[in-house]
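Residue-level structural notes
Chain residues, written in single-letter form:
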Amino acid sequence: MLRFLADGAVATRVDQHSAGRDFPLGTLAVNVSGAMILGLLTGLALGHDQALLAGTAAVGSYTTFSTWMFETDRLAEERQYRRAAANVIVSLVLGVAAAALGRLIGAHL
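Computed from a predicted model, the values in this text were never measured in an experiment.

1. Some words on the packing of helix α2 (residues 25-43) against helix α5 (residues 81-107)
- The interhelical angle for the contact between α2 and α5, taken along N-to-C directions, is 30 degrees, at an axis separation of 6 Å. Between α2 and α5, the angle is such that the two are roughly parallel. Of the two possible hands of crossing, α2 and α5 adopt the one that is right-handed. Across from Leu28, Val32, Ala35, Met36, Gly39, Leu40, Thr42 and Gly43 in α2, the residues of α5 making contact are Val90, Ser91, Leu94, Gly95, Ala98, Ala99, Leu101, Gly102, Arg103, Ile105, Gly106 and Ala107.

Structure follows, in structure tokens:
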């Protein structure tokens, strides 16, 4: 439910400003924030069972690999190749950076 709400909030904000309507910013925001949360959990050095439950059940149900790939495929099918490539590259770069930042924050808590 949180993923749906976050995606909708971003989509509403983007629609109001009309920039990037065709780019899946909602999914990007959800996945990058999820990567940061997973990094934070890693930095907290939780026990195996706690990390598995928090990472898989909570954050895993929040983030969405399938929607990310579906939207990338949709962009490519619509011949928006630059946006499709940007979706992959930006998602990976920001996701790794967010996970690293989250881990750094978690290690200092």
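2. Considerations on the side chain of Asn87
- With respect to the helices, strands and loops of the structure, Asn87 is situated in helix α5.
- Within the structure, the side chain of Asn87 is placed 2.7 Å from the side chain of Thr72, a separation counted as a polar contact.

3. Re the packing of helix α4 (residues 65-77) against α5
- As a packed pair, α4 and α5 sit with axes 7 Å apart at the nearest point and diverge in direction by 155 degrees. With respect to α5, the element α4 is oriented roughly antiparallel. In the packing of α4 onto α5, the handedness of the crossing is left-handed. Along its contact with α4, which presents Trp68, Glu71, Thr72, Leu75 and Ala76, the element α5 presents Tyr81, Arg83, Ala84, Asn87, Val88, Ser91 and Leu92.
- Of the residues contributing to the contact of α4 with α5, the split by class is seven nonpolar, three polar and two charged.

About the thresholds
- Residues numbered from 1 in each chain as written.
- Predicted model: local features only at pLDDT ≥ 70, side-chain atom pairs only at ≥ 80, totals over all residues.
- Heavy atoms only, no water.
- Axes fitted to C-alpha atoms, helices over the stretch in contact; angles between N-to-C directions.
- Helix = DSSP H or I, 4+ residues; strand = E, 2+ residues; numbered from the N terminus.
- Parallel < 35°, antiparallel > 145°, perpendicular 65-115°, else oblique.
- Left-handed = near helix turned anticlockwise from the far one by under 90°.
- Contact = heavy atoms within 4.5 Å.
- Polar contact = N/O pair within 3.5 Å; in protein donor to acceptor, adjacent residues only side chain to side chain.
- Nonpolar A, V, L, I, M, F, W, Y, C, P; charged D, E, K, R; others polar.

Shape is all these values report; function is a separate question.
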